[in-house]
Structure formats: structure tokens, C-alpha cells
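Inside the fold
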Amino acid sequence: QIKESATLTRDVLEQHFNDLKGTLKKLLDERLLSLLQQVDVIEQESIKPLDECQKLIEHGVSTADDLLREGESAVDGDVGQQNEKLCNFTKKALHIQLDSLPEVPSLVDVPCLSAQLDDCLLTILKNQIFSHGTVASRPPVQLEEFVEKPGGILVRWCKVDDDFSPQDYRLQSRKGTATPFEDVYVGPETEFIVLHIDPHVDYQFRVCARGDGRQEWSPWSVPQSGRTTLVPHEWTTGLEGYSLSSRRNIALRNDSQSCGVLYSKAPTYFCGQTLTFRQVLCGIETVGQPDRRDSLGVCVEQQNGYDSLQRDKAVCISTNGAVFVNGKEMTNQLPAVTSGSTVTFDMEVVQLGPCSNEGGNFKLRVTISSNNREVVFDWVLDQCCGSLYFGCSFSYPGWKVLVF
């Protein structure tokens with residue numbers, strides 16, 4: 001591990017600084033080109049009026065020179081032609097203004113280009129470069145625990161550097177070792193349930209953290225493998241009143257008038273696990289209209305012909321927060337189920353009497369939690385139940401429930 005991580009760290013450092021050198025050269029070349037273009041623009045704009053002034057002066061000198069030669073010719077000519085030439089010379093001289101010159105700017109008004117280069121940039125860059133990057137022998141956070149979930153893995157991590165103050169964590173996963181890592185969670189929590197995990201397949205995980213008030217992420221933890229042997233929870237297909245996601249773990253109560261209980265595909269909930277229902281937004285900030293017959297819960301067996309789990313051999317919570325055990329409403333009530341609500345069921349076996357395949361007294365201790373409140377009660381059954389179905393029913397469209 002030491003040699004492998006050292007080799008990887010060298011490669012990362014070399015690649016990073018090579019990228020920096022290329023980027024810095026590109027930025028310096030772009031800045032140089034920009035400054036040279038400014039010189040060209042100032043030069044062209046400043047020299048244009050001076051060129052025009054020079055052309056006017058040269059034109060005036062040339063005209064005066066031509067007139068002078070014409071006057072000399074008039075004086076040197078024959079007497080008969082002198083009068084005519086002198087007359088033409090006089091007329092031309094009167095029309096040419098030899099005493100006017102264009103205004104020439106003073107020397108202080110003429111631009112004199114120069115470059116101002118601040119040598120402190122090198123000092124700033126030197127200080128920044130010498131403090132850029134660190135090499136850590138151990139990441140400040142490490143993966144701590146993997147807990148199997150149906151179709152998922154609960155990943156926990158912890159801080160191992162006492163001097164490090166984390167602000168956010170970043171968890172990544174990948175299937176096997178051939179695919180690249182992808183973000184699955186970014187936030188302040190130290191655990192996260194990664195869903196859409198195929199059973200009996202190894203997944204790799206790694207985590208890093210961002211220090212309080214900082215932008216860069218810490219080094220990654222040592223990658224570790226986790227897997228689940230539990231099949232994912234799935235809703236059963238074919239019930240007209242509900243539309244399912246591609247993975248069949250999300251059920252949407254549609255506009256159909258058909259009513260009934262949507263059950264799980266199989267009895268995949270086992271005692272000792274936590275079953276979670278989460279109300280998912282349907283692209284809007286509201287959920288469906290609540291009804292007293294609505295239900296979210298678990299049951300011993302599927303029973304068609306009911307429009308709610310508020311019946312025998314079932315425990316459930318209604319969207320108004322009422323809790324039902326074998327069809328009877330309890331006096332204790334939980335908060336109403338609303339947008340983004342999470343409802344969890346936890347059960348453990350408390351056996352009253354002898355239990356056999358033929359049945360017997362069987363008691364489950366049930367804990368239902370919703371919005372930071374919970375109710376605990378004993379659910380007495382007349383048969384042993386190693387696994388249970390889960391289900392839901394909604395009278396009105398718009399409810400969308402994720403189960404895991």
C-alpha cells in the first residue's frame with residue numbers, strides 16, 4: 001500500500017505541476033500578446049496625425065520649390081516673354097499661401113510609449129508556488145463501516161485527524177474496479193445510504209473532506225469494498241392506479257380512478273432492518289390531497305379487495321399521522337406526511353409462546369418514526385413471520401413514494 005500510494009502520489013504531483021506550467025505559459029503568452037496589441041493601437045493612432053502634418057509640409061515645400069523655379073525661368077527668359085511669364089508667375093504666387101503651415105504638436109504632447117512591469121509579481125508567484133500543495137501521510141477521514149440494506153449499502157465514515165475541522169464530506173463509489181469513481185454524496189453528514197446497488201457485487205468507496213472555510217478537498221481515504229446480499233425493495237407491477245420508476249422502487253399515484261393497495265413484489269422486509277418510505281416531489285412543491293384512508297406500512301400477506309392497509313394483519317400510518325394496528329387506530333399520533341417527509345418502520349421479534357410452522361403467539365415490537373417523532377407498540381400475530389410485505393394506498397393522485 002505504501003509503495004502503491006507513493007507511486008500514485010508522484011504521478012499526481014507531476015501531472016498537476018505539468019498542467020500548471022502549461023497553463024501559466026499559455027496565460028503569459030496571452031498577456032504578452034494583449035500588451036503588444038495595445039502598443040500597436042497606440043502607435044497607429046498617435047502617428048496618423050503626424051504623418052498627415054508631414055505630408056502637408058512636404059506638399060507646401062514642393063509647391064514653393066516649383067514656384068521658385070518658375071520665377072527663375074521668367075527672369076531668365078526673352079524680353080518678349082518675360083512680361084507674360086512674370087504676369088503668370090505673379091497670379092500663381094498670389095493664389096498660393098506660402099506663409100501658412102499646419103499646426104505641429106509640441107514634443108510633450110507627442111506620445112512616448114513605455115512598458116510598466118511590476119517586479120513584485122515574481123515575489124508573489126514565488127511565495128504562492130512554494131506554499132502550493134501538500135503531501136499527507138494519512139487522509140483526515142476514513143471509511144468506518146458498511147451496513148447491508150436492501151438494494152443498497154449504508155456507508156459510515158469518521159474523522160481521524162484531531163486537528164482537522166471538516167465542513168463538508170464527499171463520498172464516491174464505483175462498481176468493481178474498472179469503472180471511474182462518481183460522486184454519490186456531498187454534505188455535512190457522516191453516513192449515507194447508497195442505493196441502486198446490485199446484490200452480491202463488490203463496490204468500491206472512498207471519502208474525502210473539505211476543511212472549514214476552505215475550497216480544496218482533502219486527500220481521498222483508502223478505497224474499501226462493500227457489498228449487499230439483500231435484494232432491493234420493489235413495488236409490484238400491474239396495478240392500474242400507480243406508475244412505477246424503471247427500478248420499481250418509486251411509486252406514483254396517477255390520475256386513474258382505480259383504487260387499491262399497492263404491495264411489494266415479494267416479502268422482502270425482515271425484522272431487524274429499517275424500512276424507509278420517503279415522499280418524493282413530483283416536480284412541484286406540493287403533494288397529493290390527503291385522505292384518512294391513505295396508508296403506508298407493512299403486512300403479513302397481500303390481500304386484494306381492500307383500498308387501505310387499515311385492516312387485520314397490518315400496521316400502517318395515514319398521511320394525517322394516524323397509526324393503525326390490525327385496523328384499529330391508536331391514541332398516539334405522528335406528524336402528518338408532507339412534502340419530503342420520511343417514515344421509517346423498525347421491528348424486532350418478541351416471542352410470547354411456542355412458535356411452530358402451524359402457528360402460535362408471536363409478537364413484534366414496532367417503532368414507527370416520522371418527522372423526529374416516533375411511536376412504539378407491540379404487534380401480536382397468530383403466526384410466525386420471518387418476512388413481511390410492505391404497501392401503500394392513496395386516494396388522490398400526486399403522491400410519489402420511494403422505498404428503501
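Residues numbered from 1 in each chain as written. Predicted model: local features only at pLDDT ≥ 70, side-chain atom pairs only at ≥ 80, totals over all residues. Heavy atoms only, no water.

Notes on the domain arrangement of the protein
By convention, interface size is frequently given as the accessible area that disappears when the constituent parts associate. Each assigned domain of the protein is listed here: domain 1 (1-131), domain 2 (141-226) and domain 3 (242-403). For domain 2 and domain 3, the distance between their C-alpha centres works out to 31 Å. With four residues of domain 2 in contact, the opposing surface of domain 3 contributes five residues. Summed over the shared surface of domain 2 and domain 3, the number is zero salt bridges. (Domains from an automatic or database assignment. Contact = heavy atoms within 4.5 Å. Salt bridge = Lys/Arg side-chain N within 4 Å of Asp/Glu carboxyl O.)

Regarding the side chain of Arg 253
Examined against the element boundaries, Arg 253 turns out to sit in strand 9 (residues 250-253). Although Arg 253 lies buried, it forms no salt bridge, and the closest oppositely charged side chain, Asp 255, sits 7.2 Å away as judged by the N-O distance. A polar contact is formed between the side chain of Arg 253 and the backbone oxygen of Ser 258, at a distance of 3.0 Å. Once residues lying within four places of it in the same chain are set aside, the contact partners of Arg 253 are Gly 241, Tyr 242, Ser 258, Cys 259, Phe 394, Ser 395, Tyr 396, Pro 397, Gly 398 and Trp 399. (Helix = DSSP H or I, 4+ residues; strand = E, 2+ residues; numbered from the N terminus. Buried < 20%, exposed > 50% of the residue type's maximum accessible area, 1.4 Å probe, protein only. Lys, Arg positive; Asp, Glu negative; His and termini not counted. Polar contact = N/O pair within 3.5 Å; in protein donor to acceptor, adjacent residues only side chain to side chain.)

Points about the environment of Val 323
With respect to the helices and strands, the residue Val 323 is situated in strand 15 (residues 322-325). Residue Val 323 is classed as buried on the basis of its relative accessible area, which comes to 0%. Excluding its chain neighbours within four sequence positions, the residues that come into contact with Val 323 are Cys 316, Ile 317, Lys 328, Glu 329, Met 330, Asn 332, Leu 334, Ile 368, Val 375 and Phe 377.

Examining the pattern of salt bridges
Applying the stated rule across the entire model yields 17 salt bridges. For Glu 191, the salt bridge identified is with Arg 156, shortest N-O distance 2.7 Å. Here Arg 156 lies in strand 2 (residues 152-159) and Glu 191 lies in strand 5 (residues 191-195), a separation of 35 residues in the sequence. Under the relative-accessibility criterion, Glu 191 is labelled partly exposed at 36%. When the shortest N-O distance is used, the salt bridge between Glu 234 and Arg 248 registers 3.1 Å. Of the two residues, Glu 234 sits in the loop between strand 7 (224-226) and strand 8 (242-244) while Arg 248 sits in the loop between strand 8 and strand 9, which places them 14 residues apart along the sequence. Classification of Glu 234 by relative accessible area gives buried; the value is 15%. Sharing partners across several salt bridges, the network here consists of Glu 145, Arg 156 and Glu 191.

Regarding the sheet that holds strand 3 (residues 166-175)
Strand order in the open sheet formed by four strands is 4-3-6-7, with antiparallel pairing between adjacent strands. The open sheet terminates on both sides in strands that have one partner only, identified here as strand 4 (182-187) and strand 7. Direction aside, neighbouring strands of the sheet carry axes that sit 30 degrees apart on average. Sheet topology places strand 6 (residues 203-211) next to strand 7; three bridges connect them, and they run antiparallel. Residue pairing across strands places Phe 205 opposite Gln 224, the latter belonging to strand 7. (Pairing = 2+ DSSP bridges. Axes fitted to C-alpha atoms, helices over the stretch in contact; angles between N-to-C directions.)

A short note on the UniProt feature "coiled-coil region" (unreviewed entry) in the protein
Taking the UniProt record as the reference, the feature "coiled-coil region" (unreviewed entry) is found at residues 10-45. Between the end C-alpha atoms of residues 10-45 there is a gap of 53 Å, over a span that is 100% helix and 0% strand. (UniProt positions renumbered as here; feature names shortened; annotations may be inferred.)

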